[in-house]
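So the chains spell out like this:
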Protein chains: 2
Amino acid sequence: MIVSKKHISRLSKYRKALFRFSELGFVKVFSDTLGEAVGVTASQVRKDFSLFGIHGHKRGGYQIDTLIDKLQNILGKDFEQKVIIVGIGNIGNALIKYKAFENEGIKIVAGFDIDPAKVNRKGTVPIFPLKEIHDYVKKHNITIGIIAVPDIVAQEVFDVMLSAGIKGILNFAPIRYKGAENVFINNVNFQVELENVIYFVNMFKHEKD
Amino acid sequence: MIVSKKHISRLSKYRKALFRFSELGFVKVFSDTLGEAVGVTASQVRKDFSLFGIHGHKRGGYQIDTLIDKLQNILGKDFEQKVIIVGIGNIGNALIKYKAFENEGIKIVAGFDIDPAKVNRKGTVPIFPLKEIHDYVKKHNITIGIIAVPDIVAQEVFDVMLSAGIKGILNFAPIRYKGAENVFINNVNFQVELENVIYFVNMFKHEKD
DNA sequence: TAGATTGTTAATCGATTAACAATC
DNA sequence: TAGATTGTTAATCGATTAACAATC
């Protein structure tokens with residue numbers, strides 16, 4: 001079987017729950033306890049671990065610290081993951097300041113924007129002109145980027161990022177990219193997510209009639 | 001069959017593509033054209049429409065404007081959807097300023113925060129103290145809210161929102177809420193989304209060895 | 001009419017859950 | 001040993017795709 005986004009999303013949640021358990025002083029955990037903490041079945045937990053070659057002890061459950069180690073490794077927490085971001089607008093800025101990344105081995109090392117007014121080479125996270133992205137990415141061996149630019153320029157920015165060597169993108173522009181064969185794209189679309197809430201709330205409303 | 005998040009997300013994308021087609025002067029569309037534009041199969045398109053009672057013409061495809069009308073109705077675009085947001089930090093602010101909502105029948109009508117320094121009753125989007133949320137939501141009959149507060153206060157904020165009458169939440173706090181039986185929650189988790197990109201890029205890297 | 005496209009049913013694929021033998 | 005839990009296989013569930021009769 002092949003690993004899917006759902007698998008990684010669950011591993012991420014297991015990891016988080018395990019840190020909580022560990023802080024509470026627990027040393028081992030059972031699949032049903034962990035499943036309950038994360039909101040999945042015990043079967044799901046064991047199946048997921050099995051897929052990634054993670055083994056527990058019959059009757060003894062899983063050792064929390066070794067489990068965390070394995071998940072750290074799978075999720076790329078052994079090294080700091082360097083990420084760049086293009087588009088220093090509202091969302092770009094929010095992500096740069098997003099605290100959760102810092103403690104999670106994810107570091108936004110630089111931002112890029114076409115607007116010269118946004119450039120700031122001396123900030124905690126330096127912001128460079130977009131045209132410098134190629135050299136920066138090559139020089140620092142960056143493979144992951146975030147797109148947070150307006151729709152109209154998204155394809156153009158995407159092309160530049162790919163040619164610079166970016167292999168994976170977290171994309172906030174509601175766009176289907178052309179030439180996306182050799183790059184992993186993960187889309188986040190606020191409008192779609194909100195429209196889901198709107199639909200299901202309205203459904204519930206009408207159900208009651 | 002029951003309607004899922006995936007259905008609504010696809011309808012949202014069909015809708016967007018249809019507006020593009022319409023602007024280009026097209027009046028009808030076939031399931032395979034629309035599918036290609038959105039990145040799904042023609043079967044999927046027809047199945048989706050069928051589920052929502054949307055009918056085309058054998059041999060004649062679907063009339064774009066009536067199709068748009070139906071989707072507008074399903075996705076709640078007949079009326080302006082009023083939304084409140086709690087937590088006026090980086091993400092909260094970014095969402096308030098997010099342009100895409102404005103043209104899409106979604107309006108963030110008010111923000112709430114515990115920090116008195118954030119309060120601003122006269123802004124384009126007024127910001128009120130959190131304690132006023134109950135009265136506001138009741139008075140304006142709001143059912144949808146966004147949570148963009150730090151993890152530690154998220155459950156508390158959630159409880160207040162529910163007691164005020166909120167029925168659907170777009171949630172940015174990486175938290176599983178207690179007492180979430182009668183409310184629709186849609187979670188957005190930047191860390192998990194980025195960890196997915198990291199995992200699949202690293203996989204690709206190691207595959208090449 | 002011949003050809004093309006819908007709408008729906010059947011087949012396939014994938015993901016989750018249940019069951020249970022292995023075993024600590 | 002008896003009881004509990006893993007790890008894996010089988011069963012179920014759900015979502016997507018294929019196929020094709022209906023028909024414009």
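Residues numbered from 1 in each chain as written. Chains lettered and ligands numbered in written order. Predicted model: local features only at pLDDT ≥ 70, side-chain atom pairs only at ≥ 80, totals over all residues. Heavy atoms only, no water.

Colleague: Looking at this model, I keep getting lost on unusual backbone geometry. Mind explaining?
Modeller: Peptide bonds are mostly trans, and most non-glycine residues show a negative phi. Unusually for a residue other than glycine, arginine 59 of chain A sits at a positive phi of about 75°. On the basis of relative accessibility, which here comes to 81%, the residue arginine 59 of chain A falls in the exposed class. (Buried < 20%, exposed > 50% of the residue type's maximum accessible area, 1.4 Å probe, protein only.)

Colleague: Hey, could you run me through the domain arrangement of chain A in this one?
Modeller: The accessible area lost on association of the parts is a frequent measure of interface size. Per the domain assignment, the segments making up chain A are domain 1 (5-74) and domain 2 (81-192). One C-alpha centre belongs to domain 1 of chain A, the other to domain 2 of chain A, and the line joining them spans 32 Å. (Domains from an automatic or database assignment.)

Colleague: Is there a simple way to explain the relation of the copies chain B and chain A in this structure?
Modeller: One copy of the chain maps onto the other through a rotation about an axis plus a displacement along that axis. Superposing chain B onto chain A takes a rotation of 180° combined with a translation of 0.0 Å along the rotation axis, leaving an RMSD of 0.0 Å. Here the two chains are linked by the operation of a two-fold rotation axis. Same-surface contact between copies: 100% of interface residues of chain B are shared with the interface of chain A. (Least-squares fit on C-alpha atoms with pLDDT ≥ 70 in both. Contact = heavy atoms within 4.5 Å.)

Colleague: Quick question: what am I supposed to make of the pattern of salt bridges here?
Modeller: Oppositely charged side chains are able to pair whenever their charged atoms sit close together. Applying the stated criterion to the full structure yields ten salt bridges over all chains. The closest approach of N and O atoms between aspartate 48 of chain A and arginine 10 of chain A, which form a salt bridge, is 2.7 Å. One end of the pair, aspartate 48 of chain A, is in helix α3 (residues 42-51); the other, arginine 10 of chain A, is in helix α1 (residues 5-23), and 38 residues separate them in sequence. Arginine 10 of chain A shares its class with aspartate 48 of chain A; the two are buried. Residues arginine 121 of chain B and glutamate 132 of chain B are paired through a salt bridge, measuring 2.6 Å at the closest nitrogen-oxygen approach. Here glutamate 132 of chain B lies in the loop between β5 (127-129) and α7 (133-140) and arginine 121 of chain B lies in the loop between β4 (106-113) and β5, a separation of eleven residues in the sequence. (Salt bridge = Lys/Arg side-chain N within 4 Å of Asp/Glu carboxyl O. Helix = DSSP H or I, 4+ residues; strand = E, 2+ residues; numbered from the N terminus.)

Colleague: Help me out: how do you make sense of the sheet that holds strand β5 (residues 127-129) of chain A in this one?
Modeller: Two orientations exist for strands paired in a sheet by backbone hydrogen bonds: parallel and antiparallel. Residue and element names in this part refer to chain A. Taken in spatial order, the six strands of this open sheet run β5-β4-β3-β6-β7-β8, and their pairing is parallel. Sheet topology places β5 and β8 (184-187) at the edges, where each strand pairs with a single neighbour. Strand-to-strand, the axes of this sheet are offset by a mean angle of 25°, without reference to chain direction. One ladder, built from four bridges, connects strand β7 (residues 168-171) with β8; its direction is parallel. Bridge assignment links asparagine 171 to a residue of β8, and that residue is asparagine 187. (Pairing = 2+ DSSP bridges. Axes fitted to C-alpha atoms, helices over the stretch in contact; angles between N-to-C directions.)

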